[in-house]
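Structural overview for review
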Amino acid sequence: MNLNTDIFSEKIGQIVDPDLDTTLAELKAIKNISIDGDKVKVELELIQPFHLIADSIKEACEGVIAEVDPAAKSEIVISDQNRDYVTRKVLPTVKNIIAVSSGKGGVGKSSIAANLAVSLSKTGAKVGILDADVYGPSQPTMFGNAGGKLEAEDNESGDTKAIPLEAHGIKIASMGYIMQDGQAAIVRGPMLAQYFTMLVEQVKWDDLDYLVLDLPPGTGDIQLTMTQKIPLTGAVIITTPQEIAVVDVRRSIAMFQKVNVDILGIVENMSYFTPPELPENKYYIFGNGGGKKVAEKNSVAFLGEIPIDPALREAADSGTPLVVSAPDSKQSEALNALAHNTIVGIRKHHHNNIVYPDMEITM
Ligand SMILES: Nc1ncnc2c1ncn2[C@@H]1O[C@H](COP(=O)(O)OP(=O)(O)OP(=O)(O)O)[C@@H](O)[C@H]1O
Ligand SMILES: [Mg+2]
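Residues numbered from 1 in each chain as written. Chains lettered and ligands numbered in written order. Predicted model: local features only at pLDDT ≥ 70, side-chain atom pairs only at ≥ 80, totals over all residues.

1. A few points about the overall build of the protein
Tallying secondary structure elements over the protein gives 12 helices and 15 strands in all. Since a compact globule built from 363 residues should have a radius of gyration of about 21 Å, the 22 Å found for the protein is in line with a globular shape. Counting over 363 residues, the protein shows a buried share of 43%. (Helix = DSSP H or I, 4+ residues; strand = E, 2+ residues; numbered from the N terminus. Rg over C-alpha atoms; globule rule 2.2 N^0.38 Å. Buried ≥ 20, exposed ≤ 12 C-beta atoms within 10 Å, placed from the backbone.)

2. What about the nonpolar core?
In terms of nonpolar packing, the biggest core is built from 76 residues, with Val100, Ala117, Val212 and Leu213 touching the most fellow members. The element that contributes the greatest number of residues to this core is helix α3 (residues 109–121), accounting for 7 residues. In this structure, Val212 is in contact with Ile98, Val100, Ala113, Leu116, Ala117, Val127 and Ile129, ignoring residues within four places of it in sequence. By size, the runner-up hydrophobic cluster in this structure holds 20 residues, among which are Ile12, Ile30, Leu46 and Ile65. (Core = buried A, V, L, I, M, F, W, Y, C linked by C-beta atoms within 7 Å. Contact = placed C-beta atoms within 7 Å.)

3. So, the sheet that holds strand β4 (residues 39–46)
The strand order β3-β4-β5 describes an open sheet built from 3 strands, whose pairing is mixed. A strand with exactly one partner marks an edge of an open sheet, and here the two such strands are β3 (30–36) and β5 (73–80). If you compare each strand with its neighbour and ignore which way they point, the axes differ by 15° on average. Summarising the sheet, β3 and β4 pair through 6 bridges and their orientation is antiparallel. Across the sheet, Ile35 pairs through a bridge with Val40, a residue of β4. Helix α1 (residues 5–12) contacts β3 and β4 of the sheet and is inclined by roughly 145° relative to β3. (Pairing = 2+ DSSP bridges. Axes fitted to C-alpha atoms, helices over the stretch in contact; angles between N-to-C directions.)

4. Concerning the packing of α3 against helix α12 (residues 330–353)
When two helices pack together, you describe them by how their axes are tilted relative to each other and by the distance separating the axes. Here α3 crosses α12 at 70°, and the two axes come no closer than 9 Å. Comparing the axis directions of α3 and α12 gives the class roughly perpendicular. Contacts between α3 and α12 pair Asn115, Leu116, Ser119 and Leu120 from the former with Leu335, Asn336, Leu338, Ala339 and Thr342 from the latter. Residues that form the contact of α3 with α12 fall into these classes: 5 nonpolar, 4 polar and no charged. (Parallel < 35°, antiparallel > 145°, perpendicular 65-115°, else oblique. Nonpolar A, V, L, I, M, F, W, Y, C, P; charged D, E, K, R; others polar.)

5. Quick look at the sheet that holds strand β6 (residues 94–101)
With respect to topology, 8 strands assemble into an open sheet ordered β10-β11-β7-β12-β6-β13-β14-β15, the strand pairing being mixed. The sheet is open, and its two edges are formed by β10 (165–167) and β15 (302–308), each paired on a single side. Taking each pair of neighbouring strands and ignoring which way they run, the sheet shows an average axis angle of 25°. Of the pairings in the sheet, the one linking strand β14 (residues 263–273) to β15 comprises 5 bridges and is parallel in character. In the strand pairing of β15, Asn269 is matched with Ile306.

6. Description of the site of ligand 1
Around ligand 1, a shell composed of 20 residues is seen, among which Gly105, Gly108, Lys109, Ser110 and Arg313 lie nearest. Breaking the shell around ligand 1 down by element, the ones donating at least two residues are α3, β14, β15 and α10 (310–317). A per-class count over the shell around ligand 1 returns 7 nonpolar, 9 polar and 4 charged. (Near = placed C-beta within 6 Å.)

7. Considering the domain arrangement of the protein
The assigned domain composition of the protein is domain 1 (5–81) and domain 2 (85–352). Distance between the C-alpha centres of domain 1 and domain 2: 34 Å. Contact residues are listed per partner, giving 7 residues for domain 1 and 14 residues for domain 2. Residue classes in the side of domain 1 that touches domain 2 are distributed as 4 nonpolar, 2 polar and 1 charged. (Domains from an automatic or database assignment.)

8. A word on unusual backbone geometry
At the junction of Gln48 and Pro49, the peptide bond is cis and its omega measures out at 5° in the coordinates. Tracing the backbone through its elements, the reader meets Pro49 in the loop between β4 and α2 (54–68). You will see that Lys28, though not glycine, has its phi angle at about 50°, which is positive. Structurally, the position occupied by Lys28 is in the loop between β2 (22–23) and β3. Even without being glycine, Asn260 reaches a positive phi, approximately 60°.

As structure tokens, then:
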């Protein structure tokens, strides 16, 4: 059969990116299609992070090729379409930086940040977590390396960089590795900002798909300074179901708006309780639907509800996040769904902000 590229670009252009509900043609995702004998090579550029959709897009392309010519061999190559991170002064090797934040303390920010990091890494992504909580850094406990310290290493250009600790496949740097216990009470303002800068700029994060930032609770000067010092892709706001939490969510949203950071969405933690002996039952102890309502009111996405579960606390205390210790549990399912929705939020954010170069595709 005499193959020509037009038929492929026409049909591949109609494949839909499921997260963005937009065709590859509209997304200008086809970089090149070439034919060499009976081999068809398709080069695509997709909005990153695309770990979760790459396989289905590849299969759809292979399907198109097989439909046109069952004897043809196919090669599909996918690369990042949006690469603006490489020009950043701060963290140019980190593709996406996500702040996990809450208006008040104790809502489960750190627990969710830890599980989110691991769930993201399970998609095949490289993930780090930066624990910026000066008041009570919890990631060392949640990842089982409390008491750890950052070791320094000289690189080829003579700079000294600190090596992040690693656990459950996640690179971790925490205020807890550089501050003494109780030091936050005496170290204030500029000094704290300096510590934070150290964790951002002097840690050897290398190439990461995601860096999850566990912020200290609240919306004060420290949090504002931190959100300005790090180039955030977006923020995930954690709340609890109580009516009273609405005010805190508003405050968090206002803080991120002040520094022009997109809100990826709201997570409701401690939403309901399911007794182990009644696995189909959900008891909404603090009320039902508060998080969803506050998300709707503020026109931001609702990323999911996480149940109250003693296993989540036990996992955190024992240094193994729940999505590692009980990967097939209903709770892990909820945490993985939250990660999935966060990824979709990130991709939508990039899609809304992408500037397509004004050029013709050459084939
Ligand atoms: N869904 C949940 N089910 C049961 N326990 C939970 C859940 N979420 C969090 N916890 C527990 O609640 C406590 C507070 O959670 P966590 O430390 O994650 O909150 P935080 O918002 O980071 O707190 P802080 O404001 O102090 O940083 C921890 O003991 C944690 O294990
Ligand atoms: Mg915390």
